[in-house]
Amino acid sequence: MPVDIIVGAQWGDEGKGKIIDTLGVNTDYVIRFGGGNNAGHTIKVDGESFILHLLPSGVLHKHSKCLLGAGMVIDFKVFLQEIASLEACGFDTEHIFISSRAHLIMPYHIILDSLWEGQRTDKIGTTKRGIGPCYSDKYARLGIRTGDLLDGSFPEKLKNILKTKNDILTKIFNENPLDYDSILSEYNEITQKVSHRIINTETEVQNALAKNKNILLEGAQAMMLDIDYGSYPYVTSSSPTAAGGTVGSGISPRYIRKIIGVCKAYSTRVGEGPFVTEQNNAQGEWLRSKGSEYGSTTGRPRRCGWLDLVVLRYACEINGFTEIALTKLDVLSGLKEIPICVGYELEGEKISGMPASVDILAGASAVYETMPGWNEDISNCKTLSDLPGNARRYIEKMETHTGCPIRFVSVGAGREQFIAVE
Ligand code: IMP
């Protein structure tokens, strides 16, 4: 059962791209299963940085077929830009395919994302890429899928939905309507460029499973942004957990071998919503500057704080991690002491588990244990025993609190800067 899943254990931006890029080396297939171009994976190859929003990180390994699964939402303009920029750097892109069941992010989704967000009092801080409105249409069974571009149904579907969307734009928001003919001709052009990439990825995957191929399911976003189990409503609109991986790729849970949770050595969050260990102070600023914590999709400064083991343990439970990949441990070098959150309290009472209510979460305070820090530069460490004792103790604390082993420790942005734990 050679299917592994890699997902984020916190609020996204854990460095999944680097882990996927490193582990993807021996993989026949890399499949992204959810979300759209709200993601941003930064990967470094030969000193050069690539930021991918839509394409799987494994795209740089040309022997792995890259599939964008049925659970994704696709903005074809962004897709074509990413293909063009990879090709401009000499990368082959002929191994990239999209499920004919994935939904299209249409121009009205992007406009409505901003308009709905502008109207809310409890702003989510969305990426304004049309993600929420696109998934809303999918579940209302009003969505347009990539396969509709191929089977001739697109013009009629667009005509029907655009009427309602234009009513919303003009009557509710006082905006100009969108023009049917220009969207249609734009999508006719897009179709010519992408039609050979739109396939029944689910059949392809079943054939791959039958041949015992290695498959890596690539998550975007993360645990606390999950539509069901995250800090709703301050979440994205998809299921970035391991279970979402099987749904969004069309692979039965019975094939899953490893579930790898990627966790940063401290916490960050982009957008609004509760963040119990947030350090809105000089320490948070230090983490932001040392860890270069600025959104790769929107450029927004990320909110920063200490590692939250309540979140990590919850992520282990909901996802069933078989192991954790720890990233950015090198960023913590130079701290005399490092607080780790081991529990939450509300008005002096201990809270057990992860509260469903964001009001409780917003009022909760962190219970910290303080770990001794280390001064050494760890960016060239190759084994656990190369790490300073206090860095090893930090890792052990994470393992004992969650009951999950850490099998991979990233100590720098470069492809080769990691420790594989046997
Ligand atoms: P949306 O996915 O654009 O609707 O945004 C919903 C929330 O999820 C916002 O707080 C975003 O900042 C956050 N979000 C979405 N994608 C990512 C990601 O890849 N990393 C971090 N935060 C994300």
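See the structure above.
Below you will find a few notes about this structure. Computed from a predicted model, the values in this text were never measured in an experiment. (Residues numbered from 1 in each chain as written. Predicted model: local features only at pLDDT ≥ 70, side-chain atom pairs only at ≥ 80, totals over all residues. Heavy atoms only, no water.)

Here we look at empty space enclosed by the protein
Thought 1: Taken as a whole and judged by the stated rule, the model has one cavity of 30 Å³ or more.
Thought 2: Counted as a void, the largest cavity has a volume near 40 Å³.
Thought 3: Trp-11, Met-224, Pro-274, Phe-275, Val-276, Asp-308, Val-311, Tyr-344 and Leu-361 together form the lining of the largest cavity.
Thought 4: Taken together, the residues that form the lining of the largest cavity break down as eight nonpolar, no polar and one charged. (1 Å grid on protein atoms, 1.4 Å probe; cavity = no way out; pocket = protein on both sides within 12 Å on 5 of 7 lines; lining within 4 Å. Points joined across faces, edges and corners; volume = space filled by probe spheres on them. Nonpolar A, V, L, I, M, F, W, Y, C, P; charged D, E, K, R; others polar.)

Considerations on the packing of helix H10 (residues 309–319) against helix H12 (residues 389–402)
Thought 1: Here H10 crosses H12 at 55°, and the two axes come no closer than 9 Å. By the angle between their directions, the pair H10 and H12 is classed as oblique. Between H10 and H12 lies a crossing of right-handed hand. Counting all contacts with H10, which are made through Leu-309, Leu-312, Arg-313 and Cys-316, the residues of H12 involved are Lys-397, Met-398, His-401 and Thr-402.
Thought 2: The class makeup of the residues in the contact of H10 with H12 is four nonpolar, two polar and two charged. (Axes fitted to C-alpha atoms, helices over the stretch in contact; angles between N-to-C directions. Helix = DSSP H or I, 4+ residues; strand = E, 2+ residues; numbered from the N terminus. Parallel < 35°, antiparallel > 145°, perpendicular 65-115°, else oblique. Left-handed = near helix turned anticlockwise from the far one by under 90°. Contact = heavy atoms within 4.5 Å.)

Comments concerning the sheet that holds strand E11 (residues 256–264)
Thought 1: Strand order in the open sheet formed by 10 strands is E9-E7-E5-E2-E10-E1-E11-E15-E19-E20, and the pairing between neighbours is mixed. The open sheet terminates on both sides in strands that have one partner only, identified here as strand E9 (198–199) and strand E20 (418–420).
Thought 2: Where strand E7 (residues 96–99) and E9 come together, two bridges link them in parallel fashion. Within the sheet, the bridge partner assigned to Ser-99 lies in E9 and is Ile-199. (Pairing = 2+ DSSP bridges.)

In short, shape yes, function no, at least from these values alone.
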